Amino acid sequence: MRFFIIDDSPFIVTAVTQILQEAGHEVQSTTSPQDAIDAVLAFQPNAILLDLMMPAIDGYELCIRFRRLSELDQTKIIILTGKSYEFDKRRAKEVGADAFLIKQALISNSEKFLQEVMSVMSKDITIAYWGTRGTLPVPGEKSLRYGGNTLCISLSVDHEPLLIFDAGTGITRLAEYLSAQNVPRVTAKLFISHPHWDHINAIPFFAPLYIQGNEVEIIGPAHGHMSFREIVSAQMDDVYSPVTIREFAARVYFRDMREETLSFGNFEIQSMLLNHPGTCLGYRITHNGRSVCYVTDNESYPADDSFFDPEYEERLVNFVRETDILIIDCTYLDEEYPAKRGWGHSCTREVVQLANKAKVRLLHLFHHDPGQDDIAIDRKLAQAIEHLERLDSSVKCACPAEGSSYILGSQGI
């Protein structure tokens, strides 16, 4: 990649240049911020490393000027500064910086510095759908367009661990994809929303678990006295399955998840307990300022229902607020819901109202009832769009098909 360094300290310029060049990157620099714009335009870097405290023109002003230039629309701006105040971090984001890194903590550790810089330069988030059905798989000619496998999605960003959400029968399609890509070593974190059958029944058939050298952490909610490891182990007990967890050849770890926040690499994963029988978690995934919410299974009661809990609904709105993509349980059409009230799933109208209140950017309807064919799911999407239009909402809506993928980049979806 091509990097341009702007810093009035010759020592910093030399140190950063050496680290980047030794990693194989092309570097230009200046210690005169007033001369930087013409030099940057001539070089057309992939990223600008920009100091804040400089004479004549400070980093904020330069960042504003760079962001006004259409020629640099695809150029990352990384603030590299000695300042560590929260005010400066917020201000940097406001003026268009992509990241805020602190010199003292990084330059003495070239490996850490490169890791942080490359994480900013990482490519887009890819969200892939491997199964979109709830309860039961429904193969056949009536489910050709949206697919018939039960729940599984994946999120991937460059070389960071692959994130997988739920392990319905769709996870076998993901395994086939990874095999076809000749991925030499799979490192993944498998988040399970809850251990109902349609969310875990294909764990024993996820081929990467049986390949030595792979590493998979399985994360899900404990249930009372049972840890999540015990839940998965019981599912694969030899009474029910000839293959038990003893046959896993990969390094497999288990973690009990509660309402909490996990951080690893550039990912932050928040969880929230959902309104569903048993212990069920929704997840909010954040990566470099972009977010995806995975909320299934969940029942949002209408406001006039005796079971409606305004405090819970407000918590859920705040949990998914302004997310880029909300992937959510929308099992029923509005007219189907009254007969299924109390089953732990939502209908179109309530899902749309939630997305509108939370001002999400893109709403993905998910977890379709096994009794719905492709035509019924078309009606569900049309019903959701009609509700959004009636609300004069800015939320966009889609029903992702099995095998489809969405790209979430720094400029949008």
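Whatever comes next refers back to the structure up there.
Draft legend 1. A look at the environment of serine 32. Examined against the element boundaries, serine 32 turns out to sit in the loop between strand S2 (26–30) and helix H2 (36–43). Spatially, the C-alpha atoms of serine 32 and isoleucine 57 are 9.0 Å apart, while their sequence positions differ by 25 residues.

Draft legend 2. How the structure looks around helix H10 (residues 310–320). Taken together, the buried positions of H10 are Tyr312, Glu313, Leu316, Val317, Phe319 and Val320. Angular distribution of buried residues about the axis of H10 spans 160 degrees; they occupy a single face of the element. For H10, the exposed residues set more than 90 degrees away from the buried face come down to Pro310 and Glu311. Where H10 is buried, its residues contact strand S13 (267–273), strand S14 (281–287), strand S15 (290–295), strand S16 (325–329) and helix H12 (348–358). The residue sitting at the N-terminus of H10 and contributing the capping side-chain oxygen is aspartate 309; that oxygen lies 3.1 Å from the backbone nitrogen of glutamate 311.

Draft legend 3. The sheet that holds strand S5 (residues 99–102), seen in detail. Pairing is parallel in the open sheet, where five strands are placed in the order S2-S1-S3-S4-S5. In this open sheet, the two strands that pair with only one neighbour each are S2 and S5. Neighbour to neighbour, the strand axes of the sheet diverge by 20 degrees on average, direction disregarded. The pairing of strand S1 (residues 2–6) with strand S3 (residues 47–50) spans four bridges and is parallel. When the sheet's bridge partners are listed, isoleucine 6 is paired in S3 with leucine 50.

Draft legend 4. Representation of the pattern of salt bridges. Taken as a whole and judged by the stated rule, the model has 18 salt bridges. A salt bridge links aspartate 51 to lysine 103, with the nearest nitrogen and oxygen atoms 3.3 Å apart. Here lysine 103 lies in helix H5 (residues 103–106) and aspartate 51 lies in the loop between S3 and helix H3 (59–67), a separation of 52 residues in the sequence. Of the two residues examined, aspartate 51 and lysine 103, each falls in the buried class. Between arginine 65 and glutamate 61 there is a salt bridge, with its nearest N and O atoms 2.7 Å apart. Of this pair, arginine 65 and glutamate 61 both sit in helix H3, four residues apart, which is roughly one turn of the helix. The exposure class assigned to glutamate 61 is partly exposed, which follows from its relative accessible area of 35%. Connected through salt bridges with shared partners, the residues Asp7, Asp51 and Lys103 form a single ionic network.

Draft legend 5. Up close: the environment of isoleucine 102. Tracing the sequence through the fold places isoleucine 102 in strand S5. Sequence-wise, isoleucine 102 and leucine 80 are 22 residues apart; in three dimensions their C-alpha atoms are separated by 5.7 Å. Discounting chain neighbours no more than four positions away, the residues touching isoleucine 102 are Thr81, Lys83 and Ser84.

Definitions and cut-offs
- One numbering rule holds for all chains: residues counted from 1, following each sequence as written.
- Side-chain atom pairs in this predicted model are given and counted only at pLDDT of 80 or more, local residue features only at pLDDT of at least 70, and totals for whole chains, interfaces and linings cover all residues.
- To obtain the side-chain values, all non-hydrogen atoms of the structure were included, while hydrogens and water were left out.
- Secondary structure elements are defined from DSSP: runs of H or I of at least 4 residues count as helices, runs of E of at least 2 residues count as strands, and each element is numbered from the N terminus.
- Exposure is judged per residue with a 1.4 Å probe applied to protein chains only, and the accessible area is read against the type maximum: over 50% gives exposed, under 20% gives buried, and values in between give partly exposed.
- Along the arc lie the directions from the helix axis toward the C-beta atoms.
- Residue contacts are counted whenever heavy atoms from the two residues lie within 4.5 Å of one another.
- Any pair of nitrogen or oxygen atoms within 3.5 Å is treated as a polar contact; in protein, a donor-acceptor pairing is required on top of that, and neighbouring residues in sequence qualify only through side-chain atoms on both sides.
- When DSSP finds two or more bridges between two strands, those strands count as paired.
- Structural elements are reduced to axes, namely lines fitted to C-alpha atoms, with helices fitted over the stretch in contact, and the angle between N-to-C directions of any two is expressed from 0 to 180 degrees.
- Within this document, salt bridges are pairs made up of a side-chain nitrogen of Lys or Arg and a carboxyl oxygen of Asp or Glu, the two lying within 4 Å of each other.

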